[in-house]
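In case you want the letters, here they are:
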Amino acid sequence: DKSGYKHFMAKEIWEQPTVLADALSAYLDGDDIVLPEGLDFSETDRVTMVACGTAYFACLTAKYWFETIAGLPVETDVASEFRYREPPIPDRSTALFVSQSGETADTLAALRYCRGKADRILSVVNVAESSIARESDIALPIHAGVEIGVASTKAFTCQLNVLYLLALKAASDRGRMTSEELATALAELRALPGVFNAALDRDASVAEAARAMAEARDVLFLGRGLMYPLAHEGALKLKEISYIHAEAYASGELKHGPIALIDKAVPVVVMAPNDHLFDKTVSNMQEVMARGGQVLLITDATGAEAAGEDVWRTVILPEVSPRLTPLLYALPAQLLAYHAAIAKGTDVDQPRNLAKSVTVE
Ligand code: F6R
């Protein structure tokens, strides 16, 4: 049932405020994060996170959170590479697998590889009755509800939600965060569904940019810090459903090669909230504009003002705590892909060549 929306993907994008609020409440009791008994990170020296596709970009985001907030080193890899490399798993390691379906063949094989090598196996899944959940020591449901659109949307934000809670838990277990700081972080997270609504209200400006971009053959996505994994997710979403070739780069990598691609025909999506890395990203953006590149800047009001007039188009999101920007900026990334696909007339819910659950390698 599409609840009046034209596509499941649209429904799943627009229900994210409600879905996130419910998903969050399943893990919170006042100012406590409710997690299964024994899930503690004080004896952990390293986390290995493995997944495919969108779930992998959730892991990459979590790496920034775990390392910065909890001081806990994280290795991330795509499952198809991890499983055949015979990666050594150091002592006091936790292995963590993220999968919406819980049935992805490569992710399951990577999990089985870690059995007996890692101290414990965690998974973050949407389908609680799945193989990956069953074979984990602890399976954490993301509570996104059934996701039907092949392109993952609400599962991504709900994966991020659980991974962020785990990073906060790790930070408090490891004495990196006081209970007051934790309470503040949880209050910000509780306010996020409301901020999601405000972000979805910017839909018209995203749709307009998407229509203008729909004729492009190639699109680049740039981001730094927490926006770097999200740039990848934005590029993946766009290629999956609109079939426009899109690539993501860390903003700082631009001058190491990809800047050669820039001309008037290549729109560049820059995701840059006004955080401590903003000025650096803006200077990368100016390098793009100086070469005729058309920049779509996704930022907040302060960022839009600082970026100046020469930007091709700007989408202005509400300001949130810098740590929460991956969840918030996922929404315009999803909307951009959705509207570009609509403009191109592609099959949004069933993109060609793709399956919702990839049970063969
Ligand atoms: C992208 C997408 C895929 C999946 C990937 C992993 O929109 O849906 O990239 O994220 O196939 O699937 P799960 O999470 O089921 O393991």
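See the structure shown above.
About the cut-offs
Residues numbered from 1 in each chain as written. Predicted model: local features only at pLDDT ≥ 70, side-chain atom pairs only at ≥ 80, totals over all residues. Heavy atoms only, no water. Pairing = 2+ DSSP bridges. Helix = DSSP H or I, 4+ residues; strand = E, 2+ residues; numbered from the N terminus. Axes fitted to C-alpha atoms, helices over the stretch in contact; angles between N-to-C directions. Contact = heavy atoms within 4.5 Å. Near = heavy atom within 4 Å. Polar contact = N/O pair within 3.5 Å; in protein donor to acceptor, adjacent residues only side chain to side chain. Areas by Shrake-Rupley, 256 points an atom, 1.4 Å probe, with all protein chains shown as cover. 1 Å grid on protein atoms, 1.4 Å probe; cavity = no way out; pocket = protein on both sides within 12 Å on 5 of 7 lines; lining within 4 Å. Sits in = over half its atoms within 2 Å of the grid points.

(A) Main features of the sheet that holds strand E7 (residues 138-141). Strands sit in the order E4-E3-E5-E6-E7 across an open sheet of five strands; the sheet is parallel. Two strands lie at the open edges of the sheet, namely strand E4 (74-78) and E7, each paired on one side alone. Across this sheet, the average inter-strand angle for adjacent strands is 20 degrees, counted without regard to direction. Relative to E7, strand E6 (residues 120-125) runs parallel, the two being bridged by four bridges. Counted as the bridge partner of Val-124 is Leu-140 from E7. Relative to E4, helix H3 (residues 53-70) is tilted by about 170 degrees, and along the sheet it contacts strand E3 (46-51), E4 and strand E5 (93-99). Along the sheet, helix H7 (residues 154-173) contacts E5, E6 and E7; its crossing angle with E5, the most-contacted strand, is approximately 165 degrees.

(B) Region of the structure containing the site of the ligand. Residues in contact with the ligand amount to 14 residues; listed here are only the nearest, Ser-99, Gln-100, Ser-101, Thr-104 and Glu-240. In the environment of the ligand, an oxygen atom lies 2.6 Å from a nitrogen or oxygen atom belonging to the side chain of Ser-99. One of the side-chain nitrogen or oxygen atoms of Lys-237 is found 2.8 Å away from an oxygen atom of the ligand. Protein contacts shield 89% of the accessible area of the ligand, which totals 400 Å² for the unbound molecule. The pocket occupied by the ligand, as judged from atoms lying within 2 Å of grid points, is the largest pocket. Elements with a contribution of two residues or more to the shell around the ligand: H3 and helix H10 (227-242).

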